[in-house]
Structure formats: structure tokens, C-alpha cells
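Given next are the chains, with one letter for each unit.
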Amino acid sequence: MNKIRIGVIGLGNMGRVHARTLLEDKVPGLQLTAVTDAVAKAAEAVPEVTFLPTPEAMIASGKVDAVLIATPHFSHTTIGIAALEAGLHVLVEKPISVHKADAEKLIAAHTNPKQVFAAMFNQRTDPYYIAIREMVRDGTLGPVRRISWTITNWFRTAAYYASGSWRATWEGEGGGILLNQCPHNLDLFSWMFGQPQRVRAFCQFGRYHDIEVEDDVTGYFEYTNGTTATFIASTGEAPGTNRLEVAAENGRLILENDKLVFNQNEMPMSEFCRTSKEAFFMPKTVEKVIAVSGHGEQHVGILRNFAEAIADGKPLIAPAEEGILSVELANAMLLSSFEDRPVDLPMNGAVYEQALQGKIASSARSHVK
Ligand SMILES: NC(=O)c1ccc[n+]([C@@H]2O[C@H](COP(=O)([O-])OP(=O)(O)OC[C@H]3O[C@@H](n4cnc5c(N)ncnc54)[C@H](O)[C@@H]3O)[C@@H](O)[C@H]2O)c1
């Protein structure tokens, strides 16, 4: 079978890793046939492959059937639309776009179902999150009452923020931790538990770093069925933590330090609350350590799945269309902080876009005045 010819757009930290993965033949169905970057010197990172001067040149070159977009966030939309309109298969890095209105435009450009359009949500291949999603969906947990996720182990230094002029600016990146690190967590959140209906958040801008965007976030979500959630993230805390706790009718699930533990109630908690004659006792629980090991295939898994979807029609692990949900959650948390109010979902993408444009226009670091 002929390999699918793929081009990598953007040869920075992530694009170089993807290019190397492809050159090392870790994805049997894909052959890297071209690369491009805004900086010509980037070609030196992948001397074995044809370097084309621009994404447009690559898209028109006839040398690729598919592209992997690993450029700064705003250009995911423009490059993605150009590639889709040219009939190419597209794998786009997270976040699929900076804001919901852009994500809608990008998704609208995917009109041909034969074209595969996926997003690099590599953490969806992690067996721990797969197991949690399964326990929600198959009823093991029963109705979920509260989700608490603290992800403060995204520590980044000042040197990290200085490593690219697009980083941590409204104009270049469109946000901070919510747009760069947390798209993975926000995607997993809605993938495992569904999209909340209301968001209230308190973002702190430049709390730990000399940056204008958020590096610390405390979010509160409400679902239509009454479930509540907190989402706490930071790039400034060390040592940080990554702890996900789910309080559900059938017990409590905790994921921390690569250990997934379910304390299963002998009786659903509401039923026990209603029927017990005791004033203070709680239901007895049985502790079950859920057998999971390793973190899955991650980026290679998404690349393999992309190739199989093109070649054999295999369902995608992360269809790009689903990427709008994490964009919307990030936007809603920022808007809630900008305007000091709860934001109902689905949110109006145009309202957020306008708010973001205001941040860009008033930024001391912006070129757009
Ligand atoms: N999935 C993951 O685990 C993961 C991890 C890191 C980064 N990312 C994502 O990858 C993307 C890139 O991040 P990075 O850390 O590699 O950034 P980076 O700054 O290291 O690299 C970006 C590269 O894109 C090039 N570029 C900029 N605009 C371009 C354009 N219009 N056309 C062609 N090339 C252009 C730059 O010259 C640079 O080489 C971001 O969307 C980021 O969120 C994903």
C-alpha cells in the first residue's frame, strides 16, 4: 500500500519532534515528504526532507496528501482552512484555534467527509483517562456529583516565556496557560465528563511571571444535571500537583501519581443518606486500585490513528471538530475573568473575539493599535 505523504508545517519544539517521529518510521502509514517554517534556518533540523518556503507553497506543491500544523496558535485557523480547501487531510496541533469564532470558521472549511481532519490531543491515548471516561460512561461511577481537578504541575520558567516572541502575549498566543498548556486538560475534561453549562473563573494575569496573560486559573463549572466542578491550573507553582478527584453516587475516584483508586460505596450515597437510621455514618466502601499502567502511545498514537483513518476509515481518536469544546472552555474562563461574571455555554464566539481584540489593542506588547 502506498504511504500517505505528509508535510510538517512549523519546525519549532513540537514540529521537530513530529518530523523526527516520522523520519524514524514510527508511523508506518505516513511518509514525511516536505517541511516548512517561517524561518528558513529551521530547515537545518530536518536536512533529509524537501524544505518549502511557506505553508501556501507546501499546500500547492503536489508533494503532500496531508499536513501536520505545528505553528503558533492563531495560524492554525488560517493554515488549516487553506489546507482543507485544497483537499488535503489535516492534523492540527492543540488548540485548534485561539477562539471559538475562529474554530467555527476552521471547522466549517471541513466539508468533504473523505478528508480526515484530526487534532493532536495526545493525552486521549493515556490509559488512565481512557479508564475514567469508561467508568463514567458505563455507569460504574453512577451519576457524577463533583469533579475537582488541580493541575499545577505545568511549571514554566521565565526562560520558557522568553523562548519565543509569540509566547504569553494576547497578540501572539491569544492567552496563557489556558491556551497553551491546558487545552489538553480541558479537552480531557469535556471528553470524560461532558461540556458544562456555566463557567465562572478567576484568572490571574502575570501572577508568577512577567507576562500579560494568565499563568494561574481557578475555575468553577456547573452542569445542567447539577454536577459541579473546579479546575485549578498554574505554571508558577513548584512542586505542583496533578490530582483529579471525582465524587459520584457509587463512590470516589482519585487519580494522582499514576495511581487510579476507586473507593466504591456499598450503597449509592444519596440512597444511604435517605435511608440510613444513623446520624453520622457514611456508606462503607471497598477500595479498588484500577489496573492501569503506562501513558499510552501519546503523539505517535494520534499520528498512527490519523494514518489509519485516511487509509482504512478508522474512527478518529480526536476529531478536530471536538477541539472547539476546549477552546470554548478556555475562552469562557477568560471572559468570566475579564468581565467578573459567570458565562453560560454555548457562548457567543463573536463576543469573546471582540473582548480578545480589545486585549490585543490595549496591550503594550501588541503591534495592533
Ligand atoms: N501536543 C503537544 O503535546 C504539544 C506540545 C508543545 C507544543 N504544542 C503545540 O505546537 C504548536 C507549536 O508550539 P512550539 O512549542 O513548537 O512552538 P515554537 O515556537 O517552538 O515553534 C513554532 C514554529 O513555527 C514557525 N512558524 C511560525 N509561524 C509560521 C507560519 N505562519 N508558517 C510556518 N511556520 C511558522 C516558527 O518559526 C517556529 O519554528 C503550538 O500550537 C503548541 O500549542 C503541542
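These numbers come from a predicted model, not from an experiment. (Residues numbered from 1 in each chain as written. Predicted model: local features only at pLDDT ≥ 70, side-chain atom pairs only at ≥ 80, totals over all residues. Heavy atoms only, no water.)

## Some remarks on the overall build of the protein chain
- Scanning the protein chain from N- to C-terminus turns up 11 helices and 15 strands.
- Its C-alpha atoms give the protein chain a radius of gyration of 22 Å, near enough to 21 Å, the size a compact globule of 369 residues would have.
- A burial count over the protein chain gives 53% of its 369 residues as buried.
- A fraction of 67% describes how many contacts in the protein chain between residues 6 or more apart in sequence connect residues 24 or more apart.
- Summing over all exposed atoms, the protein chain offers an accessible surface of approximately 16300 Å²; the carbon and sulfur share of this is 53%. (Helix = DSSP H or I, 4+ residues; strand = E, 2+ residues; numbered from the N terminus. Rg over C-alpha atoms; globule rule 2.2 N^0.38 Å. Buried < 20%, exposed > 50% of the residue type's maximum accessible area, 1.4 Å probe, protein only. Contact = heavy atoms within 4.5 Å. Areas by Shrake-Rupley, 256 points an atom, 1.4 Å probe, with all protein chains shown as cover.)

## Brief notes about the pairing of strand β5 (residues 89-92)
- Of the two faces of β5, the one holding H89 and L91 and the one holding V90 and V92 are both buried throughout.
- Alignment of strand β4 (residues 66-69) against β5, held across 4 bridges, turns out to be parallel. Among the inter-strand pairings, L68 is bridged to a residue of β5, identified as L91.
- As defined by bridge partners, β5 adjoins strand β6 (residues 117-119) across 3 bridges and the pair is classed as parallel. Following the sheet pairing, V92 is matched in β6 by A119.
- In this fold, the crossover linking β5 to β6 by way of helix α4 (residues 100-108) has right-handed handedness. (Pairing = 2+ DSSP bridges. Right-handed = clockwise from strand over helix to strand, strands pointing away.)

## A look at the packing of α4 against helix α10 (residues 323-339)
- Two elements in contact, α4 and α10, have axes whose closest approach is 9 Å; the angle formed by their N-to-C orientations is 165°. Taken together, the axis directions place α4 and α10 in an arrangement best described as roughly antiparallel. Taken as a pair, α4 and α10 cross one another with a handedness that is left-handed. Counted together, K100, A103, E104 and I107 of α4 and I324, V327, E328 and N331 of α10 form the full contact between these two elements.
- Considered class by class, the residues forming the contact of α4 with α10 number 4 nonpolar, 1 polar and 3 charged. (Axes fitted to C-alpha atoms, helices over the stretch in contact; angles between N-to-C directions. Parallel < 35°, antiparallel > 145°, perpendicular 65-115°, else oblique. Left-handed = near helix turned anticlockwise from the far one by under 90°. Nonpolar A, V, L, I, M, F, W, Y, C, P; charged D, E, K, R; others polar.)

## A short note on the sheet that holds strand β7 (residues 144-151)
- Across the sheet, which stays open at both edges, the 9 strands sit in the order β14-β13-β12-β11-β7-β10-β9-β8-β15 with mixed pairing between neighbours. Each edge of the open sheet is held by one strand with a lone partner, namely β14 (285-289) and β15 (343-344).
- As paired strands, β7 and strand β10 (residues 228-234) are joined by 6 bridges and run parallel to one another. Looking across to β10, one finds that R146 is bridged to T228.

## Points about the nonpolar core
- Ranked by size, the top nonpolar core spans 58 residues in total, and within it L178 and F231 carry the most contacts.
- Not counting the four nearest positions on each side in its chain, L178 is found in contact with P183, L186, C203, E214, V217, F231, A330, M333 and L334.
- In terms of nonpolar packing, the next biggest core, distinct from the first, is built from 52 residues, L22, A83, I302 and L303 among them. (Core = buried A, V, L, I, M, F, W, Y, C linked by side-chain atoms within 4.5 Å.)

## Some details on helix α1 (residues 13-23)
- Of the positions making up α1, those classed as buried are G15, H18, A19, T21 and L22. Each buried residue of α1 lies within a common arc of 160° when the element is viewed along its axis, so the set occupies one face.
- Those residues of α1 hidden inside the fold are in contact with β1 (4-9), β2 (30-36), β4 and α9 (298-312).
- Just downstream of α1 lies D25, where phi reads positive at about 60°. (Arc of directions from axis to C-beta.)

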